[in-house]
Amino acid sequence: MLLYTDIVTGDRMLSDAFPIKTIDGVAWEVDGETDQAGDGASWVSDFVRDFRLSPATFDKKRYLTQLRGYMGAVKRALAESGATEDEIAAFEKGVSAYAKKITANFAHYEFWTGESNHPDGMVVLLAYRDDDTPYFTFWQHGLQQHEN
């Protein structure tokens, strides 16, 4: 099994036990399962418990400030790992476009942090599809893969 940790905090965030979809080259979405009530609450609770996520509260301005800081740390990590300037530029462009999608639907998201609650760590997004399927969104480049 593969485990994914936040490159800033080292917090466990995700594993490959869940189906992961790449979105716009910068984000990963993990669809949840709805329970018999149809609201997905049990799956969300299990996922949150398994990865020790903690709820967080953001207004749009504070979220964007946190995101800029986090993406700066991710950009530095990419450069240190040998990413080319073109790869970093593509990353920045993709993050900017995806952040616009988030802010356009800001009221639909819940925010979660890793176990450490580190203010500079990844903020995971939770939303629900039209059919009430819950899904978490992670920043792909902010995750480091480990064999478990």
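Residues numbered from 1 in each chain as written. Predicted model: local features only at pLDDT ≥ 70, side-chain atom pairs only at ≥ 80, totals over all residues. Heavy atoms only, no water.

Visitor: Which parts of the structure should I look at to understand the packing of helix H2 (residues 60-80) against helix H3 (residues 85-104)?
Guide: When two helices pack together, their arrangement is given by the angle between the helix axes and the distance between those axes. Relative to each other, H2 and H3 sit at 160 degrees, their axes nearing to 11 Å. Looking at the two axes, H2 sits roughly antiparallel to H3. Both H2 and H3 take part in a crossing whose hand is right-handed. Here Lys60, Tyr63, Leu64, Leu67, Met71, Val74, Lys75, Leu78 and Ala79 of H2 lie close against H3, whose contacting residues are Ile88, Phe91, Glu92, Val95, Ala99, Ile102 and Thr103. (Axes fitted to C-alpha atoms, helices over the stretch in contact; angles between N-to-C directions. Helix = DSSP H or I, 4+ residues; strand = E, 2+ residues; numbered from the N terminus. Parallel < 35°, antiparallel > 145°, perpendicular 65-115°, else oblique. Left-handed = near helix turned anticlockwise from the far one by under 90°. Contact = heavy atoms within 4.5 Å.)

Visitor: Honestly, the pairing of strand E6 (residues 110-113) in this entry has me stumped. Any pointers?
Guide: Look at any regular strand and the pattern is simple: side chains alternate between the two faces of the sheet. When strand E5 (residues 54-56) meets E6, the two strands line up antiparallel, connected through three bridges. Each residue of the ladder has a partner; that of serine 54, found in E6, is threonine 113. Of the strand pairs in this sheet, E6 and strand E7 (residues 123-128) are connected by four bridges, and their pairing is antiparallel. Bridge pairing in E7 places threonine 113 opposite valine 123. (Pairing = 2+ DSSP bridges.)

Visitor: So what exactly am I meant to see when it comes to the pairing of strand E4 (residues 27-31) here?
Guide: The element E4 is largely enclosed, with a buried count of four among its five residues. Strand direction decides the pairing type here: strand E3 (residues 20-23) and E4, joined by four bridges, are antiparallel. What sits directly across from isoleucine 23, in E4, is alanine 27. Bridging between E4 and strand E8 (residues 134-139) involves five bridges; their strand directions are antiparallel. Each bridged residue has a counterpart across the sheet, and for tryptophan 28 the counterpart in E8 is phenylalanine 138. (Buried < 20%, exposed > 50% of the residue type's maximum accessible area, 1.4 Å probe, protein only.)

Visitor: What is the right way to read H3 from this model?
Guide: Because an α-helix completes one turn every 3.6 residues, residues spaced three or four positions apart along the sequence face the same direction. With 20 residues, H3 ought to run about 28 Å at 1.5 Å a step, and its terminal C-alpha atoms sit 29 Å apart, in line with that. Looking only at H3, the buried set comprises Ile88, Phe91, Gly94, Val95, Tyr98, Ala99, Ile102 and Thr103. Looking down the long axis of H3, one finds its buried residues gathered within 165 degrees of arc, a one-sided arrangement. Opposite the buried face of H3, at more than 90 degrees from it, the exposed residues are Glu85, Asp86, Lys93, Lys100 and Ala104. In the core, the buried residues of H3 are packed alongside E3, E4, H2, E7 and E8. (Expected span 1.5 Å × (residues − 1). Arc of directions from axis to C-beta.)

Visitor: What should I look at first to understand the sheet that holds E5 in this one?
Guide: Reading across from one edge, E3-E4-E8-E7-E6-E5 is the order of the six strands in this open sheet, with antiparallel pairing throughout. The outermost strands of the open sheet, each flanked by one partner alone, are E3 and E5. Taken pair by pair, the neighbouring strands of this sheet meet at an average axis angle of 35 degrees, ignoring direction. On top of the sheet, H2 reaches E6, E7 and E8; it is set at about 45 degrees to E8, its chief contact. Against the sheet, H3 makes contact with E3, E4, E7 and E8, and its axis sits at roughly 150 degrees relative to E8, the strand it touches most.

Visitor: In this structure, what is going on with the packing of aromatic side chains? I would like to understand it.
Guide: Remark: the centre distance and the inter-plane angle together describe each pair of aromatic rings, the angle taken between the planes. Using the criterion set out here, one finds 13 aromatic pairs in the structure. With centroids separated by 4.9 Å and ring planes inclined at 45 degrees, the aromatic side chains of phenylalanine 47 and phenylalanine 51 adopt a geometry described as tilted. Summarising the burial analysis for this pair, phenylalanine 47 and phenylalanine 51 share the class buried. Ring centres of phenylalanine 58 and phenylalanine 111 lie 5.4 Å apart, and the angle between their planes is 70 degrees; on these two criteria the pair is classed as edge-to-face. In this pair, phenylalanine 58 sits in the loop between E5 and H2 while phenylalanine 111 sits in strand E6, placing the two residues 53 residues apart along the sequence. Phenylalanine 111 shares its class with phenylalanine 58; the two are buried. Site record: aromatic cluster; members linked through ring pairs are Phe18, Phe47, Phe51, Phe136 and Phe138. Taking NZ or CZ as reference, arginine 62 lies 4.5 Å from the ring centre of phenylalanine 58, over its face. The residue whose ring lies beneath arginine 129 is tyrosine 135, and the NZ or CZ to ring-centre distance is 3.9 Å. (Phe/Tyr/Trp six-rings, centres within 6.5 Å; stacked < 30°, edge-to-face > 60°. Lys NZ or Arg CZ within 6 Å of the ring centre and 35° of its normal.)

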